[in-house]
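Structure at a glance
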Amino acid sequence: MLTYTLKKTPGHPLYEQLYQSIRDDIAAGRLPAGSRLPSKRVLAAHLGVSVVTVESAYAQLLAEGYAEARPRSGVYVCAIGSGVPVQPPHMPSLPQPTAPEPLFDLSGGTGEDVPFPASVWVRTMREVIADKRLMQPVDFAGAPELRAAIAAHLEQARGLRVSPEQIFIGAGTEYLYGLIVQLLGRRLRYAVEDPGYRKISGIYAANDVTVCPIGLDSEGLSVEALRASGAQIAHISPAHHYPTGIVMPIRRRNALLAWAAEVPERYIIEDDYDSELRHTGLPVPPLFSLDGQGRVLYLSTFSQTIAPSLRIAYLCLPPRLMERLRTQLGFYACAVPSFEQFTLARFIASGDYERHLNRLRKRFREKRAAILAAIAASSLAQRCEIIEENAGTHFLLRLATSRSDAELKRSAAERGLSLRFLSDYRSDGKNSGCAIVNYACMPTERLPAALETLAELL
């Protein structure tokens, strides 16, 4: 008779314990193939459990092929072959070593959250929840209401006139990068900015395309290096480059447009991820608005201005490419839930989004001013230079030091200070001497102590 010790344990029901015990005996050969298992009532009485417990255990053994039921005969052990690995039940996982949480992250990885208009967003969700259109399928390019709201916002905020029919809604920029590869082709060479946001090149490489890192000068991506690379696609952030903060001047923009027009099927992907967060002057005109050849694909996201968890981004395409997208990839279903699309559409159309942007800009301007003042009042002031602080939520600190980026990072980590350098975004990892200060989520109360620590390390 099978004898097992079964105990009532939260999260580990009796039938599961019994199933695992019999399964382990079968796998170990203690219950040979062809042997008959006790009847459900006899085994239940022997173990002091309910018949239902034994039935459930036997049912799982039958489902996984460890046993077979023979009509009017009973349940018998099956031959399972040798070398079948069996995972011990509820094997505790070993603790993974983790790096200690830094006391202060100058690159902005910890601290308070970016303001989110929670009450307005909840109110808008309540208004949308009763909309009967939520039960209807959405066009593969996205809800017409959201595309129209985005088109109106782009004209007002960016001076970009685009038809709603040219806009495609996607589940974040990462999703759109992969979609662009499918649209333009994998056999092409994709140029990315170097230094640049490393995830972009990683996504392109994961999509089996050749990635060409192109160096920057003081005006942005080098057109000469781009032309020499043989790339057909250039992925750039002309309005505000990350991490250098460079804003591309009009002459470089025109040079890039000229490069794209030289050869058929050359395209520019304009990544406008945070252009709405410019602190001084007028918004810089997008390349898309200057393009008369249909060579620019414009994309942006709401993760920087609303919340990273809102996985909604959009892609503006020239009419010819939008038609190609619909023809070649129109079988895709829209990846963004209609509820979120209708909520965002109403949030934009009502003016709530613009009011939120105004508050966000004011908040970031105030935080930037406080951080710049803290630097000016610290011992670091005489040993650093602030670069490109007029847009976005980050700037660079060029440090007067003979130590390498790697040495400073290591020493800072020992003192509880997390640093990120421009070299972290270079394909060759070349030393830069420029630390990145991201102030969007940075708590300011401990900033003076962090700055003094950095000054001591130089």
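Below or above, wherever it landed, is the structure these notes cover. (Residues numbered from 1 in each chain as written. Predicted model: local features only at pLDDT ≥ 70, side-chain atom pairs only at ≥ 80, totals over all residues. Heavy atoms only, no water.)

This next bit is on the nonpolar core. If you look at soluble globular proteins, the nonpolar side chains tend to sit buried side by side. With 49 residues, the main nonpolar core has Leu146, Ile150, Leu226, Ile268, Phe302, Tyr314 and Leu344 as its most contacted residues. For Phe302, the contacting residues outside a window of four places in its chain are Ile150, Ala307, Leu310, Ile312, Tyr314, Leu344, Ile348 and Tyr353. In terms of nonpolar packing, the next biggest core, distinct from the first, is built from 30 residues, Leu277, Phe395, Leu397 and Ala440 among them. (Core = buried A, V, L, I, M, F, W, Y, C linked by side-chain atoms within 4.5 Å. Buried < 20%, exposed > 50% of the residue type's maximum accessible area, 1.4 Å probe, protein only. Contact = heavy atoms within 4.5 Å.)

Inspection of the secondary structure puts His235 in strand S8 (residues 233-236). Aside from chain neighbours lying at most four places away, what touches His235 is Tyr177, Ala191, Val192, Glu193, Ile200, Tyr204, Ile269 and Asp271. (Helix = DSSP H or I, 4+ residues; strand = E, 2+ residues; numbered from the N terminus.)

Turning to the packing of aromatic side chains, a few remarks are in order. Within the structure shown, the criterion is met by 12 aromatic pairs. On the numbers, 6.1 Å between centres and 45° between planes, the contact of Tyr177 with Tyr204 is tilted. Of this pair, Tyr177 sits in helix H6 (residues 173-184) while Tyr204 sits in helix H7 (residues 198-206); the two residues are 27 residues apart in sequence, bridging distant segments of the chain. The class of Tyr177 is buried, set by a relative accessible area of 3%. Relative accessible area serves as the criterion here: at 0%, Tyr204 is assigned to the buried category. Between Tyr242 and Tyr425, the aromatic rings sit 5.4 Å apart at their centres with planes inclined by 85°, giving edge-to-face as the arrangement. (Phe/Tyr/Trp six-rings, centres within 6.5 Å; stacked < 30°, edge-to-face > 60°.)

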